[in-house]
Amino acid sequence: MCILSEKTKKPSASQVASDVADSVQYQGRKATRQGSEQRRQAILDAALRIIVRDGVRAVRHRAVATEAAVPLSATTYYFKDINDLITDTFALFVERSAAAMVAFWASAEEQLQQIETAIGQEPESRQQLLEQVVEMAIAYVRGQLSENRESLLAEQALRLEALLNPGLLALANAHRKILYQGVDRFFLVLGSQQPDEDAKVLTGMILQMEYQGLLDGLDNLKLDEMRALLRRYLRLVMGL
């Protein structure tokens with residue numbers, strides 16, 4: 001019996017992430033030539049670097065122009081005000097995050113199928129699977145902190161700014177959607193009766209671990225505590 005094929009009727013996680021990437025809307029002036037698009041991308045990349053380094057409040061036309069090494073007139077040409085510039089910077093971030101998750105979930109799907117094939121009903125087999133999942137989650141968090149720290153900082157900035165700027169709510173919601181889409185398929189394999197809810201809970205736990213890791217530093221992660229929390233939750237889900 002294939003749990004994924006029989007119980008999952010909705011689009012794959014990679015398809016959902018791809019749809020999110022395609023749905024991102026930009027507010028600023030559209031570029032009409034390749035050179036213009038490259039300059040516009042350079043401006044948004046510069047604004048994102050400033051957000052990660054100095055915070056959203058540091059995004060100003062002059063600061064972004066200096067960071068991007070373009071004339072001040074270029075930033076005001078593409079973005080009539082700071083709000084459009086900030087919104088499009090976060091739109092670029094969400095679009096790139098979605099594109100990255102397309103690749104992640106496409107590769108994870110094969111792992112899910114392997115787990116599904118290997119899983120048994122014996123307590124010992126399921127306990128081994130639980131430990132495998134715990135270590136996968138720990139490895140994911142450590143990888144994010146070591147390889148994608150700037151992306152995590154931009155993610156935190158988006159969430160905070162969405163509290164202050166309702167215009168960013170759609171982007172914040174889209175980003176959250178691509179984070180937990182696919183985790184529900186993972187819980188289907190584990191036998192969860194409420195995979196959507198369990199996906200959101202586990203995603204929230206991992207987000208908190210990432211946030212704490214940003215505060216404390218990668219070398220100061222409380223790995224034993226993280227493992228204990230993950231084990232407790234997964235035992236409840238798996239009925240162990």
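To be clear, the structure that these remarks concern was listed above.
Residues numbered from 1 in each chain as written. Predicted model: local features only at pLDDT ≥ 70, side-chain atom pairs only at ≥ 80, totals over all residues. Heavy atoms only, no water.

S.K.: Any chance you could break down the overall build of the chain for me, citing the residues and the numbers?
M.R.: Assigned secondary structure in the chain consists of twelve helices and zero strands. When the helices and strands of the chain are read in sequence order from the N terminus, they spell out α-α-α-α-α-α-α-α-α-α-α-α. Taking all 240 residues of the chain together, the buried fraction comes to 48%. Taking contacts inside the chain between residues at least 6 apart in sequence as the whole, the part at least 24 apart equals 74%. (Helix = DSSP H or I, 4+ residues; strand = E, 2+ residues; numbered from the N terminus. Buried < 20%, exposed > 50% of the residue type's maximum accessible area, 1.4 Å probe, protein only. Contact = heavy atoms within 4.5 Å.)

S.K.: Before we move on, can you summarise the side chain of Glu-210 with the specific residues and values?
M.R.: Relative to the elements of secondary structure, Glu-210 occurs in helix α11 (residues 195-216). The charged side chain of Glu-210 is buried without a salt bridge, its nearest counter-charge being Arg-159 at 5.9 Å. Contacts of Glu-210, omitting those with residues within four sequence positions, involve Tyr-140, Val-141, Gln-144, Leu-145, Leu-152 and Glu-155. (Lys, Arg positive; Asp, Glu negative; His and termini not counted. Salt bridge = Lys/Arg side-chain N within 4 Å of Asp/Glu carboxyl O.)

S.K.: Explain unusual backbone geometry to me, and be specific about the residues and the numbers.
M.R.: With a phi close to 60 degrees, Ala-69 is a non-glycine residue in the positive phi region. Within the secondary structure, Ala-69 sits in the loop between α4 (61-68) and α5 (72-78).

S.K.: Tell me about α11, and please be specific about residues and values.
M.R.: When the terminal C-alpha atoms of α11 are compared, their 31 Å separation across 22 residues agrees well with the 32 Å that a helix rising 1.5 Å per residue should span. Buried within α11 are the following residues: Pro-195, Asp-198, Ala-199, Leu-202, Thr-203, Met-205, Ile-206, Leu-207, Met-209, Glu-210, Gly-213 and Leu-214. At the C-terminal side of α11, Gly-217 shows a positive phi close to 95 degrees. (Expected span 1.5 Å × (residues − 1).)

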